[in-house]
Amino acid sequence: MNLLDIRNLSLTLGSSPLLSDINLSIAEGEIVALVGESGSGKSLTALSILGLTPDHARISGEIVLEGRALHTLDDRAMQAVRGRDIGMVFQEPLSALNPVMTIGDQVAEVVRHHQGCSRKDALAAARLALDKAELPAPRFGLDLYPHQLSGGQRQRVAIAMANVLEPRLLIADEATSALDPVNQAKVLDLLCGTARHNKAGLLLIVHDLAVARERADRVVLIRQGCVMETAPAAALANGLSSDYGKALIADAGHWPPPRPTVANNAPVVAETRNVTRLYAGSRKLWGKGPPIRAVDNVNLSVQRGTSIGLIGESGCGKSTLLRALCGLEPVQGGQVLVKGQDWAKASVGEQRALRRRIQPVFQDPGASLDPRWTIARSLSEPLALLDKRPENPDALIAVTLQQVGLDAHFANRLPHQMSGGQRQRVALARALITKPDLIVLDEAVSALDVSVRARILDLLSGLCRDHGIALLFVSHDLEVIRRLTDQVLVMEAGRIVEQGTTETVLASPQHPATQRLVAATPRLNPETEPKA
Amino acid sequence: MTFAAPKRMRAIGPRSLKIGLGLSVFIILVTLLALVWTPFDPLFQNPDARLMAPDSQHLFGTDALGRDVLSLVMAGAANSVAVAGSAVIFGLAIGVPLGLWAAARSGWRDDVVMRGGDLVFAFPSLLTAVMLAAATGPSAFNAALALGVFNIPVFMRVVRGAGRGLWSRDFVTAARAAGQSTRSISIRHILPHVLGLVVVQAAVQFAVGVAAEAGLSYLGLGAQPPAPSWGRMLAESQTLIGTAPWLAIFPGLAIFATVLALSLTGDGLRDRLDPRLKREV
Amino acid sequence: MRWVHALVASALLVLAAPAWAEVPQSRLVIGVPLEPPHLDPTSGAAAAIDEVVYANVFEGLTRLTPNGTVAPSLAESWSASPDGLSWTFRLKHGVTFNDGTAFNAETVRFSLMRIVAAGSTNAQKALFAPVRDVQVIDPATVVIHLSRPVANLPYLLAWGDAAMVSPQSAATNGTRPVGTGLYTLSRWQRGGELELVRREDYWGRAPQTQRLTFRFIGDPAAAFAAVRAGDVDAFPNYPAPETIGELKRDPALVVTQGLSEGKVIMAMNNARAPFNDIRVRRALSYAIDRQAVIDGAMFGFGQPIGSHYSRQAEGYVDLTGRYPHDVAKARRLLTDAGYPNGLDATLRIPPRPYARRSAEVLVNQLAAANVRVKVETLEWAQWLDQVFGRKQFDLTIVEHVEPMDYDIYGRTDYYFGYNNPAFDALLAAVNTAPDEATRLSLLGDLQRKIADDAVNVFLFQSARIGVHKAGINGIWINAPIAANDMTGVTQSGIARGTANAPNTKTLPWHWIGFGLLAALLAFSAHRLGAAWTAKKVAGHTATLLAASVVIFALLQVLPGDPAAYMMGLNASPEAVATLRQQMGLDGPIIARYLSWVGGLFSGDFGTSYTYQTPVAGLIFERLSVSLPLAISALIASVLIALPVGVLAARYRGKTLDTGLIGLMQAGIAIPNFWLGLLLILLFSVGLGWFPAGGYSGWTSLLLPALALAAPQAAILARVLRTSLLDTLGDDYVRTARAKGLSKNAALIRHALPNAWIPVLTVLGLQAPFLLAGSVVIENVFSLPGLGRLAFQAVSQRDLIVVQGVVMVLVAAVVLVSLVIDIAYAVADPRQRDAALNGGRK
């Protein structure tokens, strides 16, 4: 008998059907991955199991957990089920915990609520659960507050909270998407290990196919609220049967063709020499504490037509380095040179000329465009950097839009009238419009669905090859780095700890930081790719 | 999460905006109408018709000097609107640029501006308005000025708070990378974004101003006689409330309705604007 | 967080704890419209001083009877020499001051010579200028020598300004009055009430009433409410004539109507065109309809006058027919004077109801005669400065309250600028009149001369309307002098409830305050680190210092002279200058600022110009009203807002939510003073459950606290609701639901503690508002709170009090924001850590 059976689950909110005829089952000790692009209905399925769908939603179908028909229970009866029979871990480690309550109390609350025991007993149970979640005493006391923990640690608290009563079913909704690869791997280890140990079912909601392949027993593909295919996880590597599944695999495995290598003597577009960026240290009663070295003595040089990757764990200083390179951040030591000229010594007019050479693209396509400006207006903003304003800016905008694969009529749209992928193209077009020598990309493809990502990467690779534009990539996704960059630099705590050609570094990482990153990165298809 | 529960349900619903706007438009129309027409000359004293209860001729009755209360209430609207309106404009004209500037400049310059705002906030507003009005002599203009001073830090904080968040957003960074100056970004990117909040706050401050003006006039520090003023009408009605309650009821209702209209409008606007701001963030 | 709440709440409760003792007495509560600035009748001309102390505390050689005749007081008899230059007075025996000092001829000599001495601040110095010397014949006989005859010397000696004072106590009579009268001062709660108690060692007949309480109720509405509610036994000078019709219907009350000495005139600037033209002045006199003014502005109370002369004074002639209301004639006269199209003029009036209402009527009447008048209301201090002092006016309306003050028309530099040698000759003749008949006929000529010259437009003599409970006898109906002589009052059949008198025992306020502050800071340093605490304290101290500079600078630009304000209309410029110097108003600004700030640090806020007591004492006295009011309003608003906000958020979108939102919107929109008015009407006048105004213990704070709290509660509830809805959408609330918590439990346990944080901010903004912003409410309920103290002090130009009050309020705001900062940091563990880590963002 299955632990959980979902039969013909449909959900309508207002007039729009969000889920239709979902069928899904999980056996004891089984890990099922629910995979789909954004807006496909993954989270809503999870909330339906818990009975926490929005008030006005209309639901039909059956949800049966160990023979109990959950869909027939009222909210009061469901309260006894939640937390005791089903444990849930949400996506955002930052906001999923109550900021004004200690972690001990938050874990203990589950115990007290369901078992009505004393606070002391509940806290003892919480201690045990936290220990199991690899948050051992005394370092992780019960009286800590969420903000005193890192993202990964917070997610462990959430797991402890979900697991303290050892429920039969665990649901993890993108529980690791916000973490860097190293932390992601650790949290997934814990989650899957716990489920297997307790012989509980685990519903793993992810959008990353590689994670699903590595961790789950079976995958359920969902698209626009409909189940497209249910298959063993290995099928992600061997081949899915549905059209959608095939397309998905194709997109995930699609990479731009390799580019010819660039001559060693290609001119240097931008470089940093012993750059150090300090943040003021904590203020003490008298004076200040030692400053924090966000970027520490970094040397980096980008040649025309090359593509360079920058990797490292969260908070290692990658983004700060990028901003310093763009002249958006003052540096306290060393020099940042663009075409041989120092940002710090450039006059206002010269700075304008430098800015034209180097343009950024950011992670969140939604945030990088002013929501009130039309695309044309956003695109014409950098034109002020040109020595003389183009005679026909509209034509230039149209051409640039076409360059990134968008029709000229997008010029009159507002950002919210476009999809995420289209917005990211616009952001790219804005970077391109001044014909820069270097584009820096800060996680510019991580938020995109695989099909969109494939297209953007093609575009970038083409720019690099055909126009000689240099690229500087910051990414967590080693697969993107591997496929798109010639050289890679690894950062840890503000320093460059390893660098070299991408192939060499990723194939045989020398520094422990690099090794951790490589080891933690999940792979979609281990057989066809050389494991590092 | 692919499905986000609505961050905040619409607080009060579109009805409040409709009612608020409807009432506001009505009040504005009456104010404008009163400039050219009132049932009677609001200053005309009829010694034979003192303290007449509301009837078909005098819908709101007459006051102790035989003046038509309806005409006085209508004519008094202009005073309230003018004083509260100028106070808001005064606060806007100074507070918004200061707020934009403070948002753009972190560090000591921001500190100085915000400390200045704190300093103004530290003063008891009505009492300081009393003091300022006493220093400059009681008049509608000075009342507006005194109230306006306290609007400055209000707008400054709203603009600075929202602007500060915007400065860390990617599109502003992109604008900087596109070589835009601080001032240009403030005007072209930041201002349009905070404008919604500013409008909401302006409606709220307008409502506050109407009530505060009534308070000042009640103390005799607002518009001077014979110019009609709701607050002074209330002050004068106080002793007659037993014999001529209409004298207290109608100006009171007028203040109540105006404040209600503006605060409903402000609320409604906030609810209309908020989800969009949320979506953008 | 809870800990801090409890600490603050209990601390404030301790501060607010009312301690009133019951004092059963034979007692009379008298309402008076104005509070005296101090109690020395020989310094400063405020009529309010005489209203309290005349005959009750201080006595003169002679006194006035209710019908205006002169009667013996401390002098048994008197006679004048034939040339009118020396007057002999025989004194009563066995008279003592209330400090035991004996009264004798030397006292008389001291008192009278003090008036005319150089540096005297007596407001009527000019009247007594002819007094050349006072000769002591024996302990019971004095001779007053004059430099010129003064026919009405016994009458002048009946004025409060000529009260007998003892050399030992003359300087301190302002705050500790020592007189020969029946009563002595027992208690004075400034802004509230003043109590006189019967002397046990009185040398004469003892009165029936043991205690006289003068309650200061300036606001007509509050006066009305107090009378209706029975809070006062008598209101001999009742300020709300419009309510008389209603009061007359109450069988428990007696309404009397007499005449005061107040002559209301529309003064014209005779020295300035066009009013230097007699035709213009006469035109204006013809243009006005006195009876219409009395009816419209004074609700029919008052008597028309035709000259500057009281209808009850000896020698009065009726000149009201001199200028009958004749608009056509007025226009003709204006045309003759060269103003065929009429003229424009500014009417600058003092902020008094009679002036404002008269102005409104006069503007209409004058407009009919083509005189277009623009009204400007000045503050009293500004009026004194600009109109009275610097003569910057065309027209003004003012009430001259001094009896027999026709001599002002002979003063060369008086504000209306009248100069006529013919009049001066008449004035001299009056003073040297050989006999009473001649004198009276000369006084008639004098009145006619003023009227003929149309110096001013004479409007009416104010009525003195009195209200008292049936069963009280002996209260003056007329007021030949502004006074409430209560020595002859008897009462029968009045059941007085037990009167509450505030306990005068004072707690060591500043030590309690310092202790609490120290405890707060110690707690903060303990929980949040010394560095953070020190930084916060430094920041707030800087704000305080900056505020002190702003306050001081602001007050330096206030126009108006405090000294002039204190001395009144008849004061001589010399007396005003002397007083200015005494008040230390002429030092350099920087030095004055430094000495003020220096004093603040040692708890010395300076000495009030008007009350002549330490400002710190005044403020603490008022705090004992304002603090409990603010705290109870705060508590009430939280108690109302909490359930309303939570319920509305819990049932968002439901009917209950909609209803509560409607209630909140209404609560925010309703002006609190209007609400206060309605509450008084319902609970005090209607149901009689609570006192209508004034301060007599905590019950008098209930209604004002409610009026203050309701709009605040509405705001708070709305913030709480919004904040709750915001947090309810947060992930951790969903997490809580996923743990199995019910909606209610998730709301109470998870959403509420987080939602409190913005509510705390609003609460912090409200607390000082409740303390300071209640000026209007304090006016409505005539509560002696801080707001009213400041309001009065502003209009009286008592700068040092204004400085002190505003400084205390600013300090309160800063203190509350410090407390909120600390509460914030303690309530939110993120902020707490940020504080401990040195406040890095």
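Quick caveat, the model's predicted, so the values are computed rather than measured. (Residues numbered from 1 in each chain as written. Chains lettered and ligands numbered in written order. Predicted model: local features only at pLDDT ≥ 70, side-chain atom pairs only at ≥ 80, totals over all residues. Heavy atoms only, no water.)

Description of the overall build of chain A
Okay, step 1: On a plain count of helices and strands, chain A comes out with 18 helices and 20 strands.
Okay, step 2: Its C-alpha atoms give chain A a radius of gyration of 25 Å, within 12% of the compact-globule value 24 Å for 532 residues.
Okay, step 3: Counting only C-alpha atoms, chain A reaches 70 × 60 × 45 Å along its principal axes.
Okay, step 4: Put simply, chain A has 532 residues, and 57% of those count as buried.
Okay, step 5: Residue pairs at least 24 apart in sequence account for 69% of intrachain contacts in chain A once pairs closer than 6 positions are excluded.
Okay, step 6: Carbon and sulfur atoms make up 49% of the accessible area of chain A, which amounts to about 21,700 Å² in all.
Okay, step 7: The centroid of the 58 positive side-chain charges in chain A is displaced by 5 Å from the centroid of its 56 negative side-chain charges. (Helix = DSSP H or I, 4+ residues; strand = E, 2+ residues; numbered from the N terminus. Rg over C-alpha atoms; globule rule 2.2 N^0.38 Å. Buried < 20%, exposed > 50% of the residue type's maximum accessible area, 1.4 Å probe, protein only. Contact = heavy atoms within 4.5 Å. Areas by Shrake-Rupley, 256 points an atom, 1.4 Å probe, with all protein chains shown as cover. Lys, Arg positive; Asp, Glu negative; His and termini not counted. Charge placed at Lys NZ, Arg CZ, Asp CG, Glu CD.)

Comments concerning the overall build of chain B
Okay, step 1: Counting its secondary structure elements, chain B contains 9 helices and 0 strands.
Okay, step 2: Starting at the N terminus and ending at the C terminus, chain B contains elements arranged as α-α-α-α-α-α-α-α-α.
Okay, step 3: Projected onto its principal axes, the C-alpha coordinates of chain B cover approximately 75 × 45 × 30 Å.
Okay, step 4: In chain B, buried positions account for 59% of the 281 residues.
Okay, step 5: A gap of 15 Å separates the mean positions of the 23 positive and 15 negative side-chain charges of chain B.

Let's talk about a nonpolar patch on the surface
Okay, step 1: Taken together, B:Val25, B:Ile28, B:Leu29, B:Leu32, B:Leu33, B:Leu35, B:Val36 and B:Trp37 make up a surface patch of nonpolar side chains, about 840 Å² in accessible area.
Okay, step 2: The topology assignment puts B:Leu32 in helix H1 (residues 14-36). (Patch = residues over 30% accessible without salt bridge, like charges linked within 9 Å, V, L, I, M, F, W, Y side chains within 5 Å. Salt bridge = Lys/Arg side-chain N within 4 Å of Asp/Glu carboxyl O.)

Structural notes on the interface of chain A and chain C
Okay, step 1: The interface of chain A with chain C comprises 35 residues on the first partner and 28 residues on the second.
Okay, step 2: Scanning the region where chain A abuts chain C turns up 3 salt bridges.
Okay, step 3: A salt bridge links A:Glu109 to C:Arg749; its shortest N-O distance comes to 2.6 Å.
Okay, step 4: At the boundary of chain A with chain C, the tally comes to 14 residue pairs in polar contact (both at pLDDT 80 or more).
Okay, step 5: Elements that contribute at least two residues to the side of chain A that touches chain C include exactly helix H1 (42-50), helix H2 (75-81), strand E6 (86-89) and helix H3 (103-115) of chain A.
Okay, step 6: Broken down by element, the residue count for the side of chain A that touches chain C peaks at 5 residues, all from H3(A). (Polar contact = N/O pair within 3.5 Å; in protein donor to acceptor, adjacent residues only side chain to side chain.)

A word on the interface of chain C and chain B
Reports of interface size often rely on the accessible area that becomes lost once the parts have come together.
Okay, step 1: Each partner contributes to the interface: chain C provides 71 residues, whereas chain B provides 60 residues.
Okay, step 2: Of the roughly 5,600 Å² buried where chain C meets chain B, counting both sides, 69% is carbon and sulfur surface.
Okay, step 3: Per-residue buried area on chain C facing chain B is highest for C:Glu360, C:Phe673 and C:Trp674; these three make up 12% of the total on that side.
Okay, step 4: Joining chain C to chain B, the criterion identifies 1 salt bridge. (Buried area = accessible area lost by both parts, 1.4 Å probe.)

Topic: the nonpolar core
Residue and element names in this part refer to chain C.
Okay, step 1: Among the nonpolar cores identified, the biggest contains 159 residues, and Phe214, Tyr238, Trp596, Ile619 and Val805 are the most heavily contacted of them.
Okay, step 2: A per-element tally of this core places helix H27 (residues 799-827) first, with 13 residues.
Okay, step 3: Counting residues in each nonpolar core, the second largest holds 109 residues, with Val95, Tyr354, Trp380 and Met404 among its members. (Core = buried A, V, L, I, M, F, W, Y, C linked by side-chain atoms within 4.5 Å.)

Comments concerning the packing of helix H12 (residues 421-431) of chain C against helix H13 (residues 436-452) of chain C
All names here are of chain C.
Okay, step 1: At a minimum axis distance of 9 Å, the contact between H12 and H13 shows a crossing angle of 160 degrees. If you check the angle between H12 and H13, you find them roughly antiparallel. Here the hand of the crossing between H12 and H13 comes out left-handed. Contacts between H12 and H13 involve Ala422, Phe423, Leu426, Leu427, Ala429 and Val430 from the first element and Arg439, Leu442, Leu443, Asp445, Leu446, Lys449 and Ile450 from the second. (Axes fitted to C-alpha atoms, helices over the stretch in contact; angles between N-to-C directions. Parallel < 35°, antiparallel > 145°, perpendicular 65-115°, else oblique. Left-handed = near helix turned anticlockwise from the far one by under 90°.)

Let's talk about the UniProt feature "transmembrane region" (unreviewed entry) in chain B
Okay, step 1: The positions UniProt marks with the feature "transmembrane region" (unreviewed entry) are residues 21-40, 81-104, 116-134, 140-159, 190-212 and 246-269 of chain B.
Okay, step 2: In residues 246-269 of chain B, the share of helix is 100% and the share of strand is 0%. The end C-alpha atoms are 34 Å apart. (UniProt positions renumbered as here; feature names shortened; annotations may be inferred.)

Focus on the UniProt feature "domain: ABC transporter" (unreviewed entry) in chain A
Okay, step 1: Sites flagged by UniProt as "domain: ABC transporter" (unreviewed entry) map to residues 4-249 and 270-518 of chain A.
Okay, step 2: Across residues 4-249 of chain A, helical content stands at 37% and strand content at 26%; the span's end C-alpha atoms are separated by 28 Å.

Overview of helix H9 (residues 327-336) of chain C
All names here are of chain C.
Okay, step 1: Among the residues of H9, Ala330, Leu333 and Leu334 are the ones counted as buried. Projected onto a plane normal to the axis of H9, the buried residues spread over an arc of 100 degrees and lie on a single side.
Okay, step 2: Check the buried side of H9 and you find it contacts helix H7 (278-287), strand E15 (343-349) and strand E16 (371-377).
Okay, step 3: Of the residues flanking the start of H9, the one acting as N-cap is Asp326, its side-chain oxygen 3.3 Å from the backbone nitrogen of Ala328. (Arc of directions from axis to C-beta.)

Focus: the environment of A:Pro17
Residues and elements named next belong to chain A.
Okay, step 1: Counting through the fold element by element, Pro17 comes out in strand E2 (residues 16-26).
Okay, step 2: Taking relative accessible area as the criterion, Pro17 reaches 56% and is therefore assigned exposed.
Okay, step 3: Taking the C-alpha atoms as reference, Pro17 lies 31 Å from Ser368; in sequence the two are 351 residues apart.
Okay, step 4: Those residues in contact with Pro17 that sit more than four places away from it in its chain are Leu11 and Thr12.

Description of helix H6 (residues 170-177) of chain B
Okay, step 1: Summarising burial for H6(B): 7 of the 8 residues are buried, a large majority.
Okay, step 2: Within H6(B), burial applies to B:Asp170, B:Phe171, B:Val172, B:Thr173, B:Ala174, B:Ala175 and B:Ala177.
Okay, step 3: Looking at the buried side of H6(B), the elements it contacts are helix H10 (318-325), helix H11 (348-357), strand E16 (358-361) and helix H14 (420-432) of chain A together with helix H5 (140-167) and helix H7 (182-218) of chain B.
Okay, step 4: Phi turns positive, to about 80 degrees, at B:Gly179, one or two residues after H6(B).

Things to note about the sheet that holds strand E20 (residues 495-501) of chain A
All names here are of chain A.
Okay, step 1: Spatially, the 6 strands line up as an open sheet ordered E16-E17-E18-E13-E19-E20, and their pairing is mixed. Each edge of the open sheet is held by one strand with a lone partner, namely E16 and E20. Each strand axis lies, on average, 20 degrees off the axis of its neighbour in the sheet, ignoring direction.
Okay, step 2: Where H14 meets the sheet, it contacts E16 and strand E17 (438-442), and its direction lies at approximately 170 degrees from that of E16.
Okay, step 3: Set on the sheet, helix H15 (residues 450-467) makes contact with strand E13 (307-311), E17 and strand E18 (470-474); between it and E18 the angle comes to about 145 degrees. (Pairing = 2+ DSSP bridges.)

Observations concerning the confidence of the model for chain B
All names here are of chain B.
Okay, step 1: On average, residues of chain B score 81 in pLDDT, and 90% of them reach the 70 mark or higher.
Okay, step 2: Considering each helix and strand of chain B separately, the mean pLDDT is smallest for helix H4 (residues 125-136), with a value of 74, and largest for helix H2 (residues 69-104), with 91.
Okay, step 3: Across residues 275-281, confidence stays below pLDDT 50; counting only partners more than four residues off in sequence or on other chains, it has 12 contacts.
Okay, step 4: Across the interfaces of the predicted complex, the ipTM metric reaches 0.79, alongside a pTM of 0.75. (pLDDT = per-residue confidence, 0-100.)

A word on the side chain of C:Thr107
Okay, step 1: Looking at the secondary structure, you find C:Thr107 in helix H3 (residues 105-116).
Okay, step 2: Setting aside its immediate chain neighbours within four residues, C:Thr107 contacts C:Phe97, C:Ala102, C:Met164, C:Val165 and C:Ser166.

A word on the pairing of strand E7 (residues 169-173) of chain A
All names here are of chain A.
Okay, step 1: Taking burial as the measure, the 5 residues of E7 include 5 buried ones, the bulk of the element.
Okay, step 2: Bridge analysis of E6 against E7 gives 4 bridges, and the strand direction is parallel. If you follow Met88 over to E7, its bridge partner there is Ile171.
Okay, step 3: When E7 meets strand E8 (residues 201-206), the two strands line up parallel, connected through 5 bridges. Bridge pairing in E8 links Leu170 to Leu202.

Focus on the pattern of salt bridges
Side chains bearing opposite charge may pair, as long as their charged atoms lie close to each other.
Residue and element names in this part refer to chain B.
Okay, step 1: Following the criterion strictly, the structure yields 66 salt bridges over all chains and no others.
Okay, step 2: With its nearest N and O atoms 3.1 Å apart, the salt bridge here joins Arg164 to Asp110. Taken together, the residues span a long stretch of sequence, with Arg164 in helix H5 and Asp110 in helix H3 (residues 108-122) at a distance of 54 residues.
Okay, step 3: Note on Arg164: relative accessible area 25%, which makes it partly exposed.
Okay, step 4: Here Asp110 falls in the buried class, since its relative accessible area comes to 1%.

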